[in-house]
Amino acid sequence: MTSRTLVSALQAATDGPVTVSGWVDTVRDQKKVQFVVLRDESGAVQLVHPRAFSPEGEPLADEVAETITGLSLGTFLTVTGQLKHDERVKLGGVEVKVESIEVVGRSLPEAPIADDSSIDKRLDWRFLDLRVPRNNLIFRIQTTLEHAWRSYWVERDYVELHTPKLMASASESRAELFEVDYFEGKAYLAQSPQFFKQMAQPAGLGRIFEIGPAFRADPSFTSRHATEFTSVDAELSWIDSHEDVARMHEELIEAGFRAVKEKHGDEIAATFGVEVTVPTLPFPRIPLAEAKRIVAERGYVVPRQDEDMDPEGERQIAAYVKEQFGHEFVFLTDYASSIRPFYHMRHADDPGLTNSYDLIFNGVEISTGAQREHRVEVLEQQAREKGLDPEELGFYLDFFRYGVPPHGGFGMGLARVLMLMLGLGSIRETTYLFRGPTRLLP
Ligand code: AMO
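Let me sum up the structure you'll find in this document. (Residues numbered from 1 in each chain as written. Predicted model: local features only at pLDDT ≥ 70, side-chain atom pairs only at ≥ 80, totals over all residues. Heavy atoms only, no water.)

So, on to unusual backbone geometry. Glycine aside, residues mostly have negative phi, and peptide bonds are mostly found in the trans state. Note that the residue after Leu 281, namely Pro 282, is joined by a cis bond; omega there is -5°. Structurally, Pro 282 can be placed in the loop between helix H6 (242-272) and strand S12 (285-287). Positive phi is not limited to glycine here, since Glu 176 has a value of about 60°. In this structure, Glu 176 sits in the loop between strand S7 (166-167) and strand S8 (179-182). If you check the backbone angles, Asp 334 has positive phi at about 60° while not being a glycine. Looking at the element boundaries, Asp 334 is found in the loop between strand S13 (329-333) and strand S14 (356-361). The exposure class assigned to Asp 334 is buried, which follows from its relative accessible area of 17%. (Helix = DSSP H or I, 4+ residues; strand = E, 2+ residues; numbered from the N terminus. Buried < 20%, exposed > 50% of the residue type's maximum accessible area, 1.4 Å probe, protein only.)

What follows is the structure, given as structure tokens:
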């Protein structure tokens, strides 16, 4: 390992010899003195090199000066020199007087993207785009968020699973299904870990979670849809209804947001201009039918009353909840069974409704949760009603034939949570490498 000091540690370090490594952010090649701003994953520091002159005032041949003159932006360097604290230096109040420079990875001179490049161009050159501190920060925040969520679950004895992404059947619906050649036959990419997280309940694991990829052959080009996304899933046994799932879900969100605010709150405010609000518990809950009435009273009629909220409806109900309860989250509950998958449990007294919810954050759906139907005859019947073939679902239905406790869970899109938390316009910004109908590279 190159022994180097992270730029963020320089302020606290004492003056004297130091080695830093990173890439060239800017060069100011002046007659008497040269300045380089070097950036690493932790910050930026000014390097300074006063040129040497003969007694007659002629510049002397100087290897360091020549190297600096030849530097292209983006080049990776290791620099050894003398650290000096000087409050006149705007960048962090320290600078490094260069003694030697090693060019480790030279960059081509013309950068293919600039600050004002389109998101599509930026994604073509994502590795350069991610060098921008704002974009780098997004994935530090993601790490903190996921870590807090894992901790929440691990502390409560949840088991972490990694379910297969190659399947013999659809996992959510026949629509938006990727089919792949699989030796002599066909396989499908998992749209959700749904069946396998449910399987963990008759398997006796009790409470499980998974953070993993999910695939949807969704041809749309919206700001919130990808063909591959990271799904955050949980499933737990012995619930009375979806309300028990929602309670865990809101605690989980609260723990994650608290951790992000503590670690990155100031940086997020400075970089994205938004305050991270740690949500209060409980989150508001509104049955879907009532939410549609509220939205209509505000002057917006959801186009198809027999369907889910449309994006404008979601924005309207979020605005209402913000005004009424000062809250950024809302659970919309009791969806009609006609618009929910076959595996959702229906109300005992009204089979037209399901024990389910969608979680809306700042006006966008981030998650679906539900109690599952665990009585195999009912489940089989509901599958048939939805036009599914119980034969093809045989392996799944078998899970329920040897005893299973009441259970439920949710699935949540990681990139959507980050996009809305940071006030960004698209999940393309909050996905490390976005995948969409016209994007498979890099
Ligand atoms: P659902 O299909 O609603 O539910 O998906 C759950 C959450 O996953 C995210 N999501 C997506 N994110 C990006 N691009 C997409 N194409 C995309 N599709 C979905 C959303 C969504 O709210 N099995 C159920 C969950 C459960 O009941 O446990 C399911 O997959 O944030």
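Continuing now.
Another point: the pattern of salt bridges. Counted under the stated rule, the structure contains 37 salt bridges. Salt-bridge contacts for Glu 235 lead to Lys 197; the nearest nitrogen and oxygen are separated by 3.6 Å. One end of the pair, Glu 235, is in strand S11 (residues 228-237); the other, Lys 197, is in helix H5 (residues 194-199), with 38 residues separating them in the sequence. Glu 235 gets classed as buried once you look at its relative accessible area, which sits at 0%. Given the relative accessible area of 2%, Lys 197 is considered buried. The partner of Glu 254 in a salt bridge is Arg 258, with the nearest N and O atoms 2.5 Å apart. Taken together, the positions of Glu 254 and Arg 258, both in helix H6 and four residues apart, correspond to about one turn of that helix. One continuous salt-bridge network, built from bridges that share partners, spans Arg 122, Arg 126, Asp 129, Arg 134 and Glu 429. (Salt bridge = Lys/Arg side-chain N within 4 Å of Asp/Glu carboxyl O.)

As summarised here, the arrangement of the three strands in space is S7-S9-S8, forming an open sheet in which the pairing is antiparallel. For this open sheet the edge positions go to S7 and S8, each flanked by a neighbour on one side alone. Of the strand pairs in this sheet, S8 and strand S9 (residues 185-189) are connected by four bridges, and their pairing is antiparallel. The residue of S9 that forms the bridge with Glu 179 is Tyr 188. (Pairing = 2+ DSSP bridges.)

To continue, consider the side chain of Arg 340. As for its placement among the helices and strands, Arg 340 is situated in the loop between S13 and S14. For Arg 340, a relative accessible area of 7% gives the class buried.

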